[in-house]
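# Notes for the structure review
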Amino acid sequence: IGIALAHRTGFTYEELILKRVARPLALHSTRVLPTAEMAARRASPQLDTKTPAPEWNKPWSLGAGSLQSTARDLAAFVSHALGLRRGPLRAAFDAMLTTTRPAPFLEGDQVIGWGIDRSHGDPRIFFGGRAPGFTSAMMFDPVARRGAVVLGNSALMVESLGREILRPGSTQAESASSRVFAPAPALDRLVGRYALTEAHVDAHFTAGEVVEISRNETGIAVSMPRYPTVALKALGD
């Protein structure tokens, strides 16, 4: 979509972002190609705590993973989305939330450019980004009028940290191993420890490393080496 918009307007993708979004909102450190000053203070991308990541400069990913920014710029973006700052894009921010489609995998709705999580009380509007060596999470609570931005320079996802900043205590839970859940044969048969029989180059797993599957309230959770536990929810048989 980003590439299509650029072609439609006659600008490059970066020129389009600067002209239509970054400059109107005074986002001074948001662009595709960092300036020399931005590069001097940029974190180094890591696949995990030990492995440097290659730079992500695929031309086909311009609209999905190419933007580089700072917590300060993204906090300003969230402030505009919340209406805490006045700017020329107010109508655009409002329009993004007016077209919704049910999204069970989000436990809420998909809107333009955002997801809405309605699973725990007031809706949480969020978006996350990921490229080799970097992850990001940006979210806000329109009722409490609070927002959170988290940036990480590794492959470890940071959304749970963002949720905890936005709503302290919301991510605390007992470990699955200490709890007993109602029997669900289709899920229970998956629980266990699985040793990889071969290496997975892209994910940087080696043969013999163990993936563990456990039960939780809504389905199963998957724990992989050097990655946080990911909860999966069953959407059907």
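Report on the accompanying structure.

Rules and cut-offs
Residues numbered from 1 in each chain as written. Predicted model: local features only at pLDDT ≥ 70, side-chain atom pairs only at ≥ 80, totals over all residues. Heavy atoms only, no water. Helix = DSSP H or I, 4+ residues; strand = E, 2+ residues; numbered from the N terminus. Buried < 20%, exposed > 50% of the residue type's maximum accessible area, 1.4 Å probe, protein only. Contact = heavy atoms within 4.5 Å. Areas by Shrake-Rupley, 256 points an atom, 1.4 Å probe, with all protein chains shown as cover. Lys, Arg positive; Asp, Glu negative; His and termini not counted. Charge placed at Lys NZ, Arg CZ, Asp CG, Glu CD. Pairing = 2+ DSSP bridges. Axes fitted to C-alpha atoms, helices over the stretch in contact; angles between N-to-C directions. Core = buried A, V, L, I, M, F, W, Y, C linked by side-chain atoms within 4.5 Å.

Take the overall build of the protein next. Along its length, the protein carries 7 helices and 10 strands. Judged by the C-alpha coordinates and their principal axes, the protein covers about 55 × 40 × 30 Å. Taken over 237 residues, the protein has a buried fraction of 33%. Across the protein, every contact between residues at least 6 apart in sequence was considered, and the portion connecting residues at least 24 apart equals 38%. In the form shown here, the protein has an accessible surface area of approximately 14800 Å², with 58% of it arising from carbon and sulfur atoms. One finds the centroid of the 27 positive side-chain charges in the protein at a distance of 7 Å from the centroid of its 22 negative side-chain charges.

Here the focus is the sheet that holds strand 7 (residues 192–195). The 4 strands lie next to each other as 7-8-9-10, forming an open sheet whose pairing is antiparallel. With one partner strand each, in any of the chains shown, strand 7 and strand 10 (230–233) form the two edges of the open sheet. Each strand axis lies, on average, 25° off the axis of its neighbour in the sheet, ignoring direction. Relative to strand 9 (residues 219–223), strand 8 (residues 210–215) runs antiparallel, the two sharing 4 bridges. Of the residues in strand 9, the one forming a bridge with Ile-213 is Val-222.

Turning our attention to the nonpolar core. One finds Leu-25, Leu-27, Phe-77, Phe-93, Trp-114, Met-138 and Phe-140 to be the most contacted residues of the largest nonpolar core, which totals 19 residues. If you list the elements that add at least two residues to this core, you get helix 2 (13–22), helix 4 (71–82), helix 5 (90–96) and strand 5 (134–141). When residues of this core are assigned to their parent elements, the largest contribution, 6 residues, is made by helix 4. Within the second largest apolar cluster, 9 residues are counted, among which are Phe-126, Ala-137, Ala-148 and Leu-166.

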